[in-house]
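# A look at the structure
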Amino acid sequence: MVKQTAPAASASAAGPLLSVENLKVEFSTSAGVIRALDGVSFEVSAGETLAILGESGSGKSVTAQTIMALLPKPAGSIAGGSIVYKGRDLAAEPIKQVRELCSTEIAMIFQDPLSSLNPVFQIGYQVAEPFRRRLGMGKKEAWGKALELLKRVGIPNAESRIRDFPHQFSGGQRQRIMIAMAIALDPKLLIADEPTTALDVTVQKQIMRLLADLQAETGMAMILISHDLGVVADVAERAAIMYAGRIVETGTIREVYDHPAHPYTKGLLESIPSAVPIGERLTPIVGSPPNLLALPSGCSFNPRCPFATAQCRNVVPPLRQPAGWQPGHAAACHRSEEVLAHA
Amino acid sequence: MPEPTAPLLSVKHLKVAYPVRSSILLRRIGENVAVSDVHFDINPGETVGLVGESGSGKSTVARTVIGLIRPDGGSIEFEGRDIAGSTPRQLRNVRRDMQMIFQDPYASLNPRLTVRDLIAEGWLVHRGVVPRNRWTAEVQELMERVGLNPDYASRYPHQFSGGQRQRISIARALALRPKLIICDEAVSALDVSVQAQVLNLLDDLQRDVGLAYLFISHDLSVIEHLCDRVLVLNKGVVVEQGSARELFEHPKDEYTKALFRAVPVVRPWLDSGS
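Quantities reported herein were computed from a predicted structural model and do not represent experimental measurements.

The next subject is the interface of chain A and chain B. When the parts of a complex come together, some accessible area is lost, and that lost area is often taken as the interface size. Counting residues at the interface gives 31 residues for chain A and 32 residues for chain B. Of all elements in the fold, only α8 (201-218), α9 (229-233), α10 (253-258) and α11 (263-271) of chain A reach the threshold of two or more residues within the side of chain A that touches chain B. Counted by class, the side of chain A that touches chain B contains 13 nonpolar, 10 polar and eight charged residues.

Pasting the structure below:
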């Protein structure tokens, strides 16, 4: 397994804020052990946005859960690798300590804001909670802070709406409230797991804008997890494409989209309806994502891959960066040169 | 496609309102108008798209057309028969010709039934569509048709991925050989690569069987790709309708324009001009 050795061009001299290396996560199920993450490596620096893209089951959410120590227990466990945050290996620390850290420095927002908010508490109470619990503020002060946050994330009439309950807000506003809670304690890293998937396009755009603005203000690092290649393109600088528990391609988002070097990335881009002229047939990737219990030998993508050869069926391709590629652009494919030439 | 003489479905002046009830006695104290004065026709073999944001009334239109909601005004005619004024018994035959695929393949399939039973369920209700001795063979054919391995017929929905479950929903809808399928966000929950497969499948089925679709989606690129005609709904009112090509190239209404502008662009660096 080759580590992803290419740091992003934008990585600061101080080194990455979070560096995940060769991370392996396993789930034990009644049908056997599933390797949900198989040697995932990436880094994020302060002020930078990394998009982790992939289909359901590719391991993108598991990656976030693992960092946040939210893996379902006892089924899920870290089977190897490290998650180094500011010099601390979170993978080796007890869950309690990681959660402590996550409650202040690493924050996460989820896809469905309604199910992440408590329906029986006023939102002011919920947004004020981190201030009260973590910083020990009194109610008045904490609610004042909550009000500030609600204004900052663009809740109209925040003064009166702070006493409303979650159901009285629209989906987009709820996501704004979730973002308010996530940024309450000035996190250094924000992980957003499908933050706009449940929202209308117009609202989606506003939320992505909000996240980008907040990042510009605070200089936090962001990991955007999405299945939608379009949504993240405006905001993220780098992308990591995941498939069957591995990162199959990584690089600047522009390079990855314009010159996909992995057949899976290429296939994803070609699957988008706007990729083909109106009236023509879409060009999907054949087959379906593999069953993690019975992964194909060699490259997991080989049964769906138009470029597959005998080598692909036998040897797992490492993430590599052939000469002449843009810095940071790497793909886990034996035949990347041909894939690139084919475009 | 040449214009046939009679539309398959004809919706006129459709109005749907949800009652607002008092908290204790549940008296009707008002109404929320979900959809008002919606007109459209669907011809055989045609795909009509409904777009709009959540709350615009897209799903209400779909549910009313298929008879899950009673309209408060207007008419819905399917092959000349008025659905709005039909008794449930009369509706049954219409429902065979009109099937629906829902957004969430996790919620819309009974978890206790095997794929075989799910697909065959409609045949229990609508006797005579497929003779019982043909059920197993027909289920196999349908599964193959939608790209599922027929060996999995005795599996349960939880054993399938989202894309596969949506294929089960499609097979289930096809089982009764309908003329119109209403797809309410039918591909929205699917991954991109799988979404394209399902869209191609819908396209193939239309070509082979002459199906008409009423296609509801918030994903405008899907609508643009698939639909012949498009209706844009905003707050229960059709703000613009026309051929897909015309509408996407020259949107007239401000709301339509705003909606189109918000569509995420995969490579924003390519068209900074727009």
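Structure shown, so let's carry the discussion forward.
With that out of the way, let us pick up α8(A). The terminal C-alpha atoms of α8(A), which comprises 18 residues, lie 26 Å apart, in line with the 26 Å expected from a rise of 1.5 Å per residue. Looking only at α8(A), the buried set comprises Val201(A), Val203(A), Gln204(A), Ile207(A), Met208(A), Leu210(A) and Leu211(A). Its buried side turned inward, α8(A) meets α7 (171-183), β7 (189-193), β8 (221-226) and α9 of chain A together with α9 (254-261) of chain B. Once α8(A) finishes, Gly219(A) follows within two positions and takes phi at roughly 70°, a positive value.

Helical geometry: 3.6 residues make up each α-helical turn, so side chains three or four residues apart lie on a common side. Residue and element names in this part refer to chain B. Counting buried positions over the eight residues of helix α1 (residues 58-65) gives seven, a clear majority of the element. Those residues of α1 lying buried are Lys-58, Ser-59, Thr-60, Val-61, Ala-62, Thr-64 and Val-65. Gly-67 occupies a position one or two residues after α1 and carries a positive phi of about 95°.

For the rest of this paragraph, the subject is the confidence of the model for chain A. When pLDDT is averaged along chain A, the result is 89, and 96% of the positions lie at 70 or above. Below a pLDDT of 50 lies the segment residues 1-13 of chain A, which in the model reaches 34 contacts outside its immediate sequence neighbourhood of four places, other chains included.

It is worth spelling out the environment of Ile67(A) at this point. All names here are of chain A. In this fold, Ile-67 is placed in helix α1 (residues 60-67). Residue class for Ile-67 comes out buried when judged on the 23 C-beta atoms lying within 10 Å of it. Taking C-alpha positions, Ile-67 is 27 Å from Tyr-125, a pair spaced 58 residues apart along the chain.

Let's shift gears to the pairing of strand β10 (residues 237-243) of chain B. For a regular strand, side-chain orientation follows a simple rule: the groups alternate between the two sheet faces. Residue and element names in this part refer to chain B. Pairing of strand β9 (residues 229-234) with β10 involves six bridges; the strand directions are antiparallel. Residue pairing in the sheet places Leu-233 in a bridge with Val-238 of β10. The antiparallel pairing of β9 with β10 creates a hairpin that spans two residues between the two strands, and Lys-235 there sits at a positive phi of about 50°.

Below, the discussion takes up the sheet that holds strand β6 (residues 106-109) of chain A. Residue and element names in this part refer to chain A. Strand order in the open sheet formed by seven strands is β6-β7-β8-β3-β9-β10-β11, with mixed pairing between adjacent strands. Each edge of the open sheet carries a strand with a single partner, namely β6 and β11 (330-331). Two elements, β7 and β8, share five bridges in a ladder whose sense is parallel. Counterpart to Leu-189 in the pairing with β8 is Ala-221.

With 173 residues, the main nonpolar core has Val127(A), Ala180(A), Ile191(A), Ile241(A), Ala171(B), Ile182(B) and Leu214(B) as its most contacted residues. Counting residues per element, this core draws most heavily on α7(A), which supplies seven residues. There are two domains that each give this core at least three residues, and those are domain 1 (1-105 + 191-323) and domain 2 (109-184) of chain A.

Within a sheet, neighbouring strands are paired by backbone hydrogen bonds and run either parallel or antiparallel to one another. All names here are of chain B. The strand order across the open sheet formed by six strands is β6-β7-β8-β3-β9-β10, and the pairing between neighbours is mixed. Two strands close off the open sheet at either side, each with one partner strand: β6 (98-101) and β10. Each neighbouring strand pair of the sheet contributes to a mean axis angle of 15°, computed without reference to strand direction.

This paragraph deals with unusual backbone geometry. Residues and elements named next belong to chain A. A cis amide bond, omega 0°, links Lys-73 with the succeeding residue Pro-74. Structurally, Pro-74 can be placed in the loop between α1 and β4 (76-85). Despite not being glycine, Ala-69 has its phi angle at roughly 55°, a positive value. Among the secondary structure elements, Ala-69 is positioned in the loop between α1 and β4. In this structure, Glu-194 is a non-glycine residue whose phi angle is positive, near 50°.

Residues and elements named next belong to chain A. Of the two faces of β6, the one holding Ile-106 and Met-108 and the one holding Ala-107 and Ile-109 are both buried throughout. Here β6 runs beside β7; their pairing, made up of four bridges, is parallel. Bridge pairing links Ile-106 to Leu-189 in β7.

In this section: the confidence of the model for chain B. The share of residues in chain B with pLDDT of 70 or more is 97%, and the mean pLDDT across the chain is 87. In the model output, the complex is listed with pTM 0.85 alongside ipTM 0.79.

Let us now look at the environment of Ser61(A). Residue and element names in this part refer to chain A. With respect to the secondary-structure elements, Ser-61 resides in helix α1. Ser-61 sits 165 residues away from Ser-226 along the chain, and the two C-alpha atoms are 9.0 Å apart. Apart from residues no more than four positions distant in its own chain, Ser-61 is found in contact with Asp-193 and Ile-225.

The rules we used
The residue numbering used here restarts from 1 in each chain and proceeds along that chain's sequence as written. As they are written, the chains are lettered A onward and the ligands numbered 1 onward, keeping that order. Residues qualify for local features only when their pLDDT is at least 70, as the model is predicted, and side-chain atom pairs are given and counted only at 80 or more; totals for whole chains, interfaces and linings, by contrast, use all residues. Each residue is represented by a C-beta atom placed from its backbone, and any two residues with such atoms within 7 Å are regarded as in contact. Under the DSSP-based scheme used, a helix requires at least four consecutive residues in state H or I and a strand at least two consecutive residues in state E, with every element numbered from the N terminus. Under this grouping Gly is polar, as are all residues other than the nonpolar Ala, Val, Leu, Ile, Met, Phe, Trp, Tyr, Cys and Pro and the charged Asp, Glu, Lys and Arg. Take the number of residues in a helix, subtract one, and multiply by 1.5 Å to get its expected span. Residues are called buried when their C-beta atom has 20 or more other C-beta atoms within 10 Å, exposed when it has 12 or fewer, and partly exposed otherwise; all C-beta atoms are positioned from the backbone. What pLDDT conveys is the predictor's confidence in a given residue, as a value from 0 to 100. Note: two strands are recorded as paired if DSSP finds a minimum of 2 bridges between them. As used throughout, a nonpolar core is a set of buried Ala, Val, Leu, Ile, Met, Phe, Trp, Tyr and Cys residues joined through C-beta atoms within 7 Å of each other. For every domain, the bounds stem from an assignment made automatically or drawn from a database. As a rule, the C-alpha atoms of each element are fitted with a line to give its axis, helices using only the stretch in contact, and angles between N-to-C directions run from 0 to 180 degrees.

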